[in-house]
Amino acid sequence: MSSITDDRPPATGAVELSIGGMTCASCANRIERKLNKLDGVTATVNYATEKAKVVFPADLDPHELVAEVEKAGYTAELPPPPRAEGAGEEGPREETDELAPLRARLITSVVLAVPVIAMAMIPALQFTNWQWLSLTLAAPVVVYGGWPFHRAAWTNLRHGAATMDTLVSLGTIAALGWSLWALFFGTAGTPGMTHPFALTIERTDGTGNIYLEAAAGVTAFILAGRYFEARSKRRAGAALRALLELGAKDVSVLRDGAEVRVPADRLAVGDRFVVRPGEKIATDGVVEEGSSAVDASMLTGESVPVEVRPGDAVTGATVNAGGRLVVRATRVGSDTRLAQMAKLVEEAQTGKAQVQRLADRISGVFVPIVIALALGTLGFWLGTGDGAGAAFTAAVAVLIIACPCALGLATPTALLVGTGRGAQLGILIKGPEVLESTRGIDTVVLDKTGTVTEGRMTLVDVVTAEGEDAAEVLRLAGALEHASEHPIAQAVARGAAERVGELPTPEDFANVEGLGVQGVVDGHAVLVGRPRLLAEWSQHLPADLERALTEAQAAGRTAVAVGWDGRARAVLVVADVVKPTSAEAIQRLRALGLTPVLLTGDNEAVARTVAAEVGIDEVIAEVLPADKVDVVKRLQSQGRSVAMVGDGVNDAAALAQADLGLAMGTGTDAAIEASDLTLVRGDLRVAADAIRLARRTLATIKGNLFWAFAYNVAALPLAAMGLLNPMIAGAAMAFSSVFVVTNSLRLRGFK
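Throughout what follows, the structure given in this document is the object of discussion.

About the cut-offs
- Residues numbered from 1 in each chain as written.
- Predicted model: local features only at pLDDT ≥ 70, side-chain atom pairs only at ≥ 80, totals over all residues.
- Heavy atoms only, no water.
- Pairing = 2+ DSSP bridges.
- Helix = DSSP H or I, 4+ residues; strand = E, 2+ residues; numbered from the N terminus.
- Buried < 20%, exposed > 50% of the residue type's maximum accessible area, 1.4 Å probe, protein only.
- Arc of directions from axis to C-beta.
- Contact = heavy atoms within 4.5 Å.
- Phe/Tyr/Trp six-rings, centres within 6.5 Å; stacked < 30°, edge-to-face > 60°.
- Salt bridge = Lys/Arg side-chain N within 4 Å of Asp/Glu carboxyl O.

## Considering the sheet that holds strand β12 (residues 319-320)
- If you trace the three strands from one edge of the open sheet to the other, you get β10-β9-β12, paired in antiparallel fashion. Sheet topology places β10 (306-308) and β12 at the edges, where each strand pairs with a single neighbour.
- Sheet topology note: the strand β9 (residues 292-295)/β12 ladder contains two bridges and is antiparallel. For V294, the partnering residue across the bridge sits in β12 and is N320.

## So, helix α22 (residues 604-614)
- Residues of α22 that are buried: V606, A607, V610, A611 and V614. Seen from one end, α22 has its buried residues packed into an arc of 125°, which puts them on one side.
- Those residues of α22 that are buried lie in contact with α16 (448-452), β16 (453-464), β21 (567-578), α21 (582-591), β22 (595-599) and β23 (618-620).
- Looking one or two places after α22, you find G615, whose phi comes out positive at around 90°.

## Topic: the packing of aromatic side chains
- Scanning all chains against the criterion turns up six aromatic pairs.
- Ring centres 6.4 Å apart and planes at 45° place the aromatic pair W181 and F185 in the tilted group.
- Assessed through its relative accessible area of 64%, F185 is described here as exposed.
- Seen from their ring centres, F706 and W707 are 5.1 Å apart, and the 80° between their planes marks the pair as edge-to-face.
- By relative accessible area, which is 53% here, F706 ends up exposed.
- When its relative accessible area of 37% is taken as the criterion, W707 is described as partly exposed.
- Here the aromatic cluster, defined as three or more aromatic residues joined through ring pairs, consists of W178, W181 and F185.

## As for the pattern of salt bridges
- Here the structure, examined in full by the defined rule, presents 26 salt bridges.
- Note that E68 is salt-bridged to K71, the shortest N-O span being 3.5 Å. You can see E68 and its partner K71 sitting in helix α3 (residues 62-71), three residues apart, about one turn around the helix.
- Here E68 falls in the buried class, since its relative accessible area comes to 14%.
- Across the pair R328 and E288 runs a salt bridge whose closest N-O atoms are separated by 2.8 Å. Of the two residues, R328 is situated in strand β13 (residues 325-331) and E288 in strand β8 (residues 284-289); the sequence distance between them amounts to 40 residues.
- In the salt-bridge network here, residues are joined through shared partners; they are E584, R588, D683, R685, D689 and R692.

The structure is reproduced here in structure tokens:
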């Protein structure tokens, strides 16, 4: 018995932890390393979704994983038990609770910091003892408002790391600390003290200088950036919620011959349930009774509805477009296609390399240099015998001038203006990480249905037999099809109504299972459907109609035969047509240096026809949703940087996997949530504009970061030499901030 046990692979468990307290991608890496050091544990931490996926040995208590994360200075929570009471209500409440403290800190800091900055910069507002009011207002901003930065800086310090939080914390504490010393032990606290508006360069002992406006202003500015980033980041997990919400909420189950309405999640394998026309199929199963057309386009991308009859498999969340069906459930819960797609999206999001914040990367080098320079300055001036006051003034001035006021504005302002301009143009950018992804993109994968094409069936051609009137064909066929719920029938009816106007009302309408429809219109016995339906009434297609039918099918289109009063009269051709702007959009994408690839679940003939029409050379057809992810991975493994444009649930996982995901706003919520950029209009040309705007916004952010540091670096030697007075420090900070904001505002002119 023991030998059998030894031969088995070790039993493992898996859990998804919710992580709190991460401020940058390096935090995620630190937690990951900490968890992976435990025996038998494999962990992946996602900064964007704030989740850690952990596989661990069966003999390990998951609470030990939580303890390990907490030892690293972060918070972790195990998932709640399944089907907990009120679980559905917890999601939104949790999001509100997480953002509320940050929002409170931001509002408090802005309200208190504005008068502090105003008094410091406008001599007319400097009444007697104004400096003590400044201290009263600024201290809560630095201590309470800046607490997230101080906590993160302390966590980073314990792990020997430095990020932007370290710089913000050091600079604001140094500014507040020196101001307190100058107020209580120097001359800054004397009644009538003012900050003269003079830009002279001279050495000072610093006892009359306070830097409260720098401390309060930096904290408020950077808190604002952090809040807006946190708010957008909380939406990262919504792709999974959107996917799972696509399923039917309740279902009519057959129990002892009667229909009983129950929640869909209570279905068990083997249950028989009823699906009426227009309803979603509750779970994966096999049709036992009835026949219908099932619209599976949102799951498979196939534009033509699929005909199903007893014995055919159907997928949960697809829509029954035709008759009543009785389905036997074969897969429920996490085994369904929909649940597996949700898992694919989650894996793609977790597996995507998170782009570390550029400011953090620069801070990682800049912070140690500044600290070393401040210590060097302190040591040098103490060594020259100029006194402790002058030495500390120079050292603190180095920390204050290095404090990244403009750096805190560099990303949020460009992002605010860039995203605002994008929204005007119908482009929604999710966050700063997205922008970095756009620079290296060289391949753009385009979903066909709903992206390059309209995504719905349209009447494209009417081929009549010799001597027949096309208008009469449309009038009679359209009237009959108007009574049918089939998507192809609806396309014919829509097209007929647009071309000939009001349609008559049919009599004796009947749906012929799997073949078409028949009825009487204006005294004519009309048949519309497959050629087989007409043949059963001895209405055979003449050679020219047979040829039109074959050509339409060869091009991947759907052809419907029409006959009445004993003769075949016409063939109607229905297809998912290319959007009028798609060809121009492909040209624009090529002009950006991108190689377009058409990707679809539809058949090869349809895909090739569409590709030829819009000017795409590379086509990948007949792919399942899971295969779409594999196609993106394969292109990435070839060294290509891939953008994906899609609109359906079937695209969600591929959008999450791609280096850059662009979702059509006319598409499903799941696709929109899984993407990085959302194109509000269903116009593919906007995709080219989106990439251009994102690249321009990224260039602006990088320019802002360069100049924000350039001003600091230029002023550092003056600070180190002890030649920096408060007004020069304030002016340099203000000027760099004004420059950054002005540079960002240039994005408003993006065309």
